[in-house]
Amino acid sequence: MIQQIYPQVQHSYQFELNKDMHIAAAHYIPHEDAGKCQKVHGHTYFVNITIAGDKLDESGFLVNFASLKKLIHNRFDHSLLNDHTDLFSEEDSNYFPTTEGVARAIYEVIQNELDTKANKPKCVQVFVRETPTSYVVFRPKRKEG
């Protein structure tokens with residue numbers, strides 16, 4: 001059983017769900033500042049996805065936990081993250097598969113799927129732990145207005 005305390009995201013939604021998963025994946029950072037991380041290496045990433053909303057779907061879920069795992073785990077587990085060229089590009093250094101880039105990419109994949117749901121849940125946080133001592137939290141910018 002995975003048990004961990006996560007940074008909390010403030011929101012005003014009635015429901016919040018969190019889904020934990022592990023993803024075993026390799027990557028490299030194609031930038032001179034990356035040092036030894038320029039070489040292909042792997043991690044067992046620990047991922048927590050936080051989704052919030054006010055309405056449940058017709059089956060009583062905010063989002064089905066299994067669908068979240070399928071969406072992310074099936075796509076990224078046992079892959080070379082750099083091969084996901086729709087999410088990571090050597091032409092744009094902000095889109096390297098760093099831990100920050102992985103968290104942002106997971107958010108984009110999740111939110112794109114959530115946008116198709118009638119109950120319109122929102123991904124409010126993605127937590128990605130790369131090593132026991134290093135993690136990133138990604139939260140989408142709040143819309144002004």
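Treat the numbers as computed from the prediction; the structure is a model and nothing was measured.

Participant: What is the right way to look at the overall build of the chain in this model?
Facilitator: Of regular secondary structure, the chain possesses two helices and five strands. When the helices and strands of the chain are listed from N to C terminus, the series reads β-β-α-β-α-β-β. Relative to the globule expectation of 15 Å for 145 residues, the C-alpha radius of gyration of the chain, 16 Å, shows essentially globular dimensions. Overall, the chain is about 45 × 40 × 25 Å in size when its C-alpha atoms are taken along their principal axes. Expressed as a percentage of the 145 residues in the chain, the buried residues total 39%. Taking contacts inside the chain between residues at least 6 apart in sequence as the whole, the part at least 24 apart equals 63%.

Participant: So what exactly am I meant to see when it comes to the pattern of salt bridges here?
Facilitator: Counted according to the given criterion, the structure contains three salt bridges. Measuring nitrogen to oxygen at the nearest pair gives 2.9 Å for the salt bridge that ties Glu 108 to Arg 104. Of this pair, Glu 108 and Arg 104 both sit in helix 2 (residues 99–114), four residues apart, roughly one helical turn. Classification of Glu 108 as partly exposed rests on a relative accessible area of 28%. Taking relative accessible area as the criterion, Arg 104 reaches 11% and is therefore assigned buried. Close ionic contact of Lys 117 with Glu 113 constitutes a salt bridge, the shortest N to O distance being 3.6 Å. Residue Lys 117 is classed as partly exposed on the basis of its relative accessible area, which comes to 29%. The exposure class of Glu 113 is partly exposed, given its relative accessible area of 32%.

Participant: How do you make sense of the packing of aromatic side chains when you look at a structure like this?
Facilitator: The description of two aromatic rings rests on the distance between their centres and on the angle between their planes. All told, the structure shown has three aromatic pairs when counted by the stated rule. Plain terms: the ring middles of Tyr 107 and Phe 138 are 5.2 Å apart, the flat faces sit at 40° to each other, and that makes the pair tilted. Linking Tyr 107 in helix 2 with Phe 138 in strand 5 (residues 134–138), this pair joins segments that are 31 residues apart in sequence.

Rules of the game
Residues take numbers from 1 onward in each chain, read along the sequence in its written order. Per-residue local features of the predicted model are confined to residues with pLDDT of at least 70, and side-chain atom pairs are confined, for both listing and counting, to 80 or more; whole-chain, interface and lining totals are unaffected and use all residues. The basis for every side-chain value is the complete set of non-hydrogen atoms in the structure, without hydrogens or water. Secondary structure elements are taken from DSSP: a helix is a run of H or I of four residues or more, a strand is a run of E of two residues or more, and numbering for both begins at the N terminus. This radius of gyration counts C-alpha atoms alone. The globule rule is 2.2 Å times how many residues there are, raised to the power 0.38. Between buried and exposed lies partly exposed: a residue is buried under 20% and exposed over 50% of the maximum accessible area for its type, with that area taken using a 1.4 Å probe on protein chains only. In this analysis, two residues are considered to be in contact whenever any of their non-hydrogen atoms come within 4.5 Å of each other. In the sections that follow, a salt bridge refers to a side-chain nitrogen of Lys or Arg positioned within 4 Å of a carboxyl oxygen of Asp or Glu. Classification of ring pairs rests on two measures: the distance between centres of Phe, Tyr or Trp rings, Trp counted by its six-membered ring, which must be within 6.5 Å, and the angle between planes, read as stacked under 30 degrees, edge-to-face over 60 and tilted in between.

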